[in-house]
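Chains, contacts and geometry: an overview
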Amino acid sequence: MRKTFLIISLLLTQFVYPQKSRISLSYWEFRGVEEKETHKAVVPGTVHTDLLANKLIEDPFYGTNESTLQWIEEKDWVYTSSFDITVAQLKQKSEIVFEGLDTYTDVFLNEQKILSANNMFREWRIDCGGLLKEGKNNIKVVFYSPVQKEKEFAAEFEKETGIKEIPGGNRVFTRKAAYHYGWDWSPRFVTCGIWKPVYIEFCKDGKIIDVGTLQKNSGDKAEITFNVSCAFKKGQKLKITDEAGNETVSKDVNDTIVSVVTEIQNPKLWWCNGLGEPYLYKYKIILTDGKKVIDEKQVNVGIRTVELVREKDEFGESFYFKLNGVPVFMKGANFIPTDNFLPRTTKEKYAALINEAVNSNFNMLRVWGGGIYESDDFYNLCDENGILVWQDFAFACSMVPAGKEFADNIREEAIYNVKRLRNHPCLALWCGNNEIDEGWNNWGWQNNLTETQKNILWTAYENIFKNILPSVVSEYHKNSNYISSSPKIGWGHKESLTEGDSHYWGVWWGMEPFEVYTKKVGRFASEYGFQGMPDLKTLKNFIPETEFYLFSPSLKLHEKHPTGFETIQKYMDMYYNATQGFANYIRTSQLLQAFGMRTAIEAHRRAKPYCMGTLYWQFNDCNPVVSWSGIDYYGNKKLLQEYVREAYADILVSPIEEDGRIRVYIVSDRLNDTKGTLEIKIEPFTGITKSDSYISFVDIKANSSSVYFEKNAAEVFKTISKTTNYLSAVLRTDDGKIYTNEYLFCKPKEIEIVK
Ligand code: BMA
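What counts, and at which threshold
- Residues numbered from 1 in each chain as written.
- Predicted model: local features only at pLDDT ≥ 70, side-chain atom pairs only at ≥ 80, totals over all residues.
- Heavy atoms only, no water.
- Helix = DSSP H or I, 4+ residues; strand = E, 2+ residues; numbered from the N terminus.
- Rg over C-alpha atoms; globule rule 2.2 N^0.38 Å.
- Buried < 20%, exposed > 50% of the residue type's maximum accessible area, 1.4 Å probe, protein only.
- Contact = heavy atoms within 4.5 Å.
- Areas by Shrake-Rupley, 256 points an atom, 1.4 Å probe, with all protein chains shown as cover.
- Lys, Arg positive; Asp, Glu negative; His and termini not counted.
- Charge placed at Lys NZ, Arg CZ, Asp CG, Glu CD.
- Pairing = 2+ DSSP bridges.
- Axes fitted to C-alpha atoms, helices over the stretch in contact; angles between N-to-C directions.
- Polar contact = N/O pair within 3.5 Å; in protein donor to acceptor, adjacent residues only side chain to side chain.
- 1 Å grid on protein atoms, 1.4 Å probe; cavity = no way out; pocket = protein on both sides within 12 Å on 5 of 7 lines; lining within 4 Å.
- Points joined across faces, edges and corners; volume = space filled by probe spheres on them.
- Nonpolar A, V, L, I, M, F, W, Y, C, P; charged D, E, K, R; others polar.
- Near = heavy atom within 4 Å.
- Core = buried A, V, L, I, M, F, W, Y, C linked by side-chain atoms within 4.5 Å.
- pLDDT = per-residue confidence, 0-100.

1. Focus on the overall build of the protein chain
- A tally of regular secondary structure across the protein chain gives 17 helices and 37 strands.
- For 755 residues, the compact-globule formula gives about 27 Å, and the C-alpha radius of gyration of the protein chain, at 28 Å, lands near that figure.
- Along the first, second and third principal axes, the C-alpha set of the protein chain runs to 95 × 60 × 60 Å.
- Taken across its 755 residues, the protein chain has 56% of its residues classed as buried.
- Partitioning the contacts of the protein chain with sequence separation of at least 6, the portion at a separation of at least 24 is 71%.
- Carbon together with sulfur atoms contributes 50% to the accessible area of the protein chain, which is approximately 31900 Å² in total.
- Each charge class in the protein chain can be summarised by its mean position, and for the 91 positive and 100 negative side chains these summaries are 4 Å apart.

Right, here's the structure in full:
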């Protein structure tokens, strides 16, 4: 009996578990290149976190530690590991896979060099056949200081082009996340390390290398084509099973690329948050040999179309997304990397952030180009939660060097990441870069360059952003959208508000008052923002309490904008009375941020369909810092994030005094009409004296913005004062929901409460 049980279990195991196997390389040691002593390392990890775990440095985020830890980037580091190989494994095909190496490395297997890597954003796979041996094997990864390498590249570049400093500085020679070099919300930690998993993959009889999906939907039937590339043996089959495990189709494998088509009757569509269910069809692609499973891959399919509509119109050029044929107003924010030391981010941290995005009624996140292509967990969560992703390629605020080798490296990076992310229904847009076009045309980058030098840099720009990246997208991610740069036009130019997406920084960088947001509305606001202090409980984690005052050495080091505190103060003086005490200052700075962002968001939403999107800067933080974020590094929400939930609700009631009129708009993102009653009161802050109250039935059109209440402002203010009264609006919809809003006719600091 026991014997039979054993045989059955063995048979089952064979059937259930694929033949492909892995040895995960997770026990590592590290040391400085010239040092003898080694220390335990954590892989995936970074040299900074390894030094910290070994108590060789203090917490990089605490106090003023950042300034004393810059030596780390100057040094070369060595990581070593060993692992055992069996005779059976030796007989199989083997590859060593680094899912991510940050950045300049040489890899040695049993003392033989097998790889020189130079791009943090690529996966590296090296055939190790012939190099492995039975028993103990050694592996060594040497990391070279990026800043030293960059000096060499910069010198070479200057020799070739005469350009002393390329816009963006030396970092542009390295394919590494730009924010590692410091940003106006990030410390500088030019780290290195094996930042993603590393393993040896064995494969005996074949494997699935990659799957790309295409879909056609006629409404009552959807056809999904899986283009599967694989290594195979004669007689093997590819099978597709659905979520219930039922086989939907199977095909003989006769080629390295096999197209398998499956059909769905009456398909359910994938919708973004707020508009419906983000329905996913969950398939398994299985490579089989008789009863044996050779390899399998899970692919989730969302049936949907996303189209970016950019059409010339009477104002300029539109910029909006159609999801499943419906124009959708995008609500969300810009997403930056979750940590300066990326491997620390857990799936739970991503889940908490995406959960917050859903709670805040987002339907889009823009993954900003100075960061990274996020982990698979991030995009899976976006798929499951209906958050569309605008994905920048990893380029921000810098020109790029010319040169074939550099361009080829970028092409490989793009192919790898486009293939990795293309099956995610959340992926709505690929964008070449953040603010490079704007920088080139607006920020004086061309000032000290000769015509020939300008030509070199612009040709390199065009080659990457107008040739290589769009051609990779169109080849590997058919039917997706690409733009070369965000914004289309820089914020000084009037066309920036009539064509394409806009980054409006007249508020904050330009010191204009918040009210300007109501006048300067673009076609799609992909960036705008205002800083708010993190909470006291957050500050306690990274600043000694003796430094709880403005401009204290530690706090100043955690305000990365050159004139951040001065700017906050200027706006505070505009809108609020002087605050007393540090805790009040923090609270008021958050009020100010929320007030400013809400002014912008409501203006953008009221302007629908002229404006079709609003993504504030920025959603999250990568370290504890004073920044534009709505959620701080520890996940604590600033007031802004609380406000946004209402400002991004499916229906917004938005009062405004404009053109001598008091108007109340109702903006609906619902896809069907809504009936309700709108109650408007103009009343004193005390609520004691009688208010003017108006009630009307409203019939709100689907996907629209219109005025539902209007009065001559001069008439109203004949009898009452702007500083003692405010407007309150309450919309009760027939489905039992209540939407409210309040509007001040004066600045908060001018409010008078007269009893
Ligand atoms: C935008 C971004 C970032 C920056 C932010 C705030 O332009 O693209 O470069 O952090 O402004 O200054």
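2. A word on the sheet that holds strand β34 (residues 692–700)
- With respect to topology, four strands assemble into an open sheet ordered β34-β33-β36-β37, the strand pairing being antiparallel. For this open sheet the edge positions go to β34 and β37 (738–744), each flanked by a neighbour on one side alone. Along the sheet, successive strands turn relative to each other by an average axial angle of 15°, direction set aside.
- Note: strand β33 (residues 674–684) against β34, nine bridges, orientation antiparallel. Residue leucine 678 lies in a different strand from β34, and its bridge partner there is serine 696.

3. Re the environment of asparagine 54
- For asparagine 54, the location among the structural elements is in the loop between α2 (47–53) and α3 (65–68).
- Taking the C-alpha atoms as reference points, asparagine 54 and histidine 39, separated by 15 residues in sequence, lie 7.1 Å from one another.
- Not counting residues up to four positions away in its chain, the partners in contact with asparagine 54 are Phe30, His39 and Lys40.
- At 2.9 Å, the side chain of asparagine 54 forms a polar contact with the backbone oxygen of lysine 40.

4. Examining empty space enclosed by the protein
- A full pass over the atoms with the stated rule returns five cavities of 30 Å³ or more.
- Arg171, Val172, Arg175, Ala394 and Ser398 are, among the 14 residues lining the largest cavity, the residues nearest its centre.
- Considered class by class, the residues forming the lining of the largest cavity number eight nonpolar, three polar and three charged.
- Its boundaries defined by the atoms lining it, the second largest cavity holds a volume of some 50 Å³.
- Taken together, Glu99, Met120, Phe121, Arg122, Trp195, Lys196, Ile372, Tyr373, Tyr416, Asn417 and Arg420 form the lining of the second largest cavity.
- Residues that form the lining of the second largest cavity fall into these classes: six nonpolar, one polar and four charged.

5. Comments concerning the site of the ligand
- Around the ligand, the neighbouring residues are Trp183, Asp184, Trp185, Trp368, Asn434, Glu435, Trp505, Trp509, Glu527, Trp617 and Trp628.
- At 3.0 Å, a side-chain N or O of asparagine 434 approaches an oxygen atom of the ligand.
- Within the side chain of glutamate 527, a nitrogen or oxygen atom sits 3.0 Å from an oxygen atom of the ligand.
- Protein contact buries 95% of the 300 Å² of open area that the ligand shows by itself.
- Of the residues that constitute the shell around the ligand, the class distribution is seven nonpolar, one polar and three charged.

6. Quick word on the layout of surface pockets
- By volume, the largest pocket is sized at about 1800 Å³.
- Residue lining of the largest pocket: 49 residues in total, with Glu99, Lys297, Asp376, Tyr416 and Arg420 positioned closest to the centre.
- Among the secondary structure elements, those contributing two or more residues to the lining of the largest pocket are β1 (21–24), β8 (124–127), β12 (198–203), β13 (207–217), β19 (292–301), α6 (347–359), α7 (376–385) and α8 (404–421).
- Among the elements that take part in the lining of the largest pocket, β19 stands out by supplying six residues, more than any other.
- In the lining of the largest pocket, the residues fall into 17 nonpolar, nine polar and 23 charged.
- Taken as a whole, the second largest pocket spans an internal volume of roughly 1200 Å³.
- Along the wall of the second largest pocket there are 37 residues; nearest its centre are Phe595, Thr599, Glu742, Tyr743 and Leu744.

7. Some thoughts on the nonpolar core
- Within the largest apolar cluster, 131 residues are counted, with the highest numbers of intra-cluster contacts made by Phe321, Phe362, Phe378, Phe393, Tyr616 and Phe619.
- Sorting elements by how many residues they give to this core places helix α10 (residues 451–476) first, with nine residues.
- In this structure phenylalanine 321 touches Val306, Glu307, Leu308, Val326, Pro327, Val328, Met330, Met364, Ala428, Leu429 and Phe524, once residues within four positions along its chain are discounted.

8. Quick notes on the confidence of the model for the protein chain
- Across the protein chain, pLDDT averages 95, with 97% of residues at or above 70.
- Taken element by element, the protein chain is modelled with least confidence in helix α1 (residues 2–16), mean pLDDT 42, and with most confidence in strand β25 (residues 388–392), mean pLDDT 99.
- Note that residues 1–17 has pLDDT below 50 and, in this model, six contacts with residues that lie over four places away or in other chains.

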